[in-house]
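So you can see what is in the structure, the chains are spelled out below.
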Amino acid sequence: QVQLVESGGGLVQPGGSLRLSCVGSGIVFRFIAMGWYRQAPGKERELVATINSGGTTNYLDSVKGRFTISRDNAKNTVYLQMNSLKPDDTAVYYCNFAYGPRPWGQGTQVTVSS
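Residues numbered from 1 in each chain as written. Predicted model: local features only at pLDDT ≥ 70, side-chain atom pairs only at ≥ 80, totals over all residues. Heavy atoms only, no water.

Colleague: Run through the sheet that holds strand β2 (residues 10–12), naming residues and quoting values.
Modeller: Pairing in this open sheet of six strands is mixed, and the strands run β2-β10-β9-β4-β5-β6 from one edge to the other. At either margin of the open sheet sits one strand with a lone partner, and together these are β2 and β6 (57–59). Ignoring strand direction, the axes of neighbouring strands in this sheet form an average angle of 25°. Of the pairings in the sheet, the one linking strand β5 (residues 46–51) to β6 comprises three bridges and is antiparallel in character. (Pairing = 2+ DSSP bridges. Helix = DSSP H or I, 4+ residues; strand = E, 2+ residues; numbered from the N terminus. Axes fitted to C-alpha atoms, helices over the stretch in contact; angles between N-to-C directions.)

Colleague: Summarise the pairing of strand β3 (residues 18–25); cite the residues concerned and give the values.
Modeller: With five bridges connecting them, strand β1 (residues 3–7) and β3 associate as antiparallel partners. The residue of β3 that forms the bridge with E6 is C22.

Colleague: Lay out the environment of L85 with the relevant residues and their values.
Modeller: Assignment of secondary structure puts L85 in the loop between β8 (77–82) and β9 (91–97). Given the relative accessible area of 2%, L85 is considered buried. Put simply, L85 and K75 are 10 residues apart on the chain and 26 Å apart in space, counted from C-alpha to C-alpha. Contacts of L85, omitting those with residues within four sequence positions, involve V12, P14, G15, G16, S17, L18, R66, F67 and V112. (Buried < 20%, exposed > 50% of the residue type's maximum accessible area, 1.4 Å probe, protein only. Contact = heavy atoms within 4.5 Å.)

Colleague: Could you give me a rundown of the side chain of T90, with the residues and numbers involved?
Modeller: Counting through the fold element by element, T90 comes out in the loop between β8 and β9. A distance of 2.9 Å separates the side chain of T90 from the backbone nitrogen of V112, its partner in a polar contact. Filtering out sequence-adjacent residues up to four positions away, T90 remains in contact with A40, Q109, V110, T111 and V112. (Polar contact = N/O pair within 3.5 Å; in protein donor to acceptor, adjacent residues only side chain to side chain.)

Colleague: Could you give an account of the pairing of β9, naming the residues involved and the relevant values?
Modeller: β9 sits mainly inside the fold: seven of its seven residues count as buried. Note that strand β4 (residues 34–39) and β9 share six bridges and pair antiparallel. Each bridged residue has a counterpart across the sheet, and for W36 the counterpart in β9 is C95.

Colleague: Got a sec to walk through the nonpolar core? Specific residues and values, please.
Modeller: For soluble globular proteins, the rule of thumb is that nonpolar side chains tend to be buried together. Among the nonpolar cores identified, the biggest contains 25 residues, and W36, F67, V78, L80, M82 and Y93 are the most heavily contacted of them. Secondary structure elements with two or more residues in this core: β3, β4, β5, β7 (67–72), β8, β9 and β10 (108–112). Ranked by residues supplied to this core, first place goes to β9 with four residues. Setting aside its immediate chain neighbours within four residues, Y93 contacts E6, L20, W36, Y37, R38, V48, F67, L80, M82, G107, T108 and V110. (Core = buried A, V, L, I, M, F, W, Y, C linked by side-chain atoms within 4.5 Å.)

Have a look at this one:
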């Protein structure tokens, strides 16, 4: 059974930071490109950041310079460091394979509000 569990979300003030974690089980994704996605209320899910097996990263334009995706293959974990958060970053954040995503998990709620 493949399972991806997101954590680290919460309520944060504009300009604040959060670090999201995604821990995989039932699979070793050392060679799998991973991504963080988000879905805001009333909007489609969008790809926020990806990281491939070689460490190459890509980001949604609106988060460039603020978010950093990384991975620790020994821990089967992908992270998303989120800095300088804005209200528009408010969404449920999900991790998944960047290509051929598995069924979506619960995600973790990020709320940026004053």
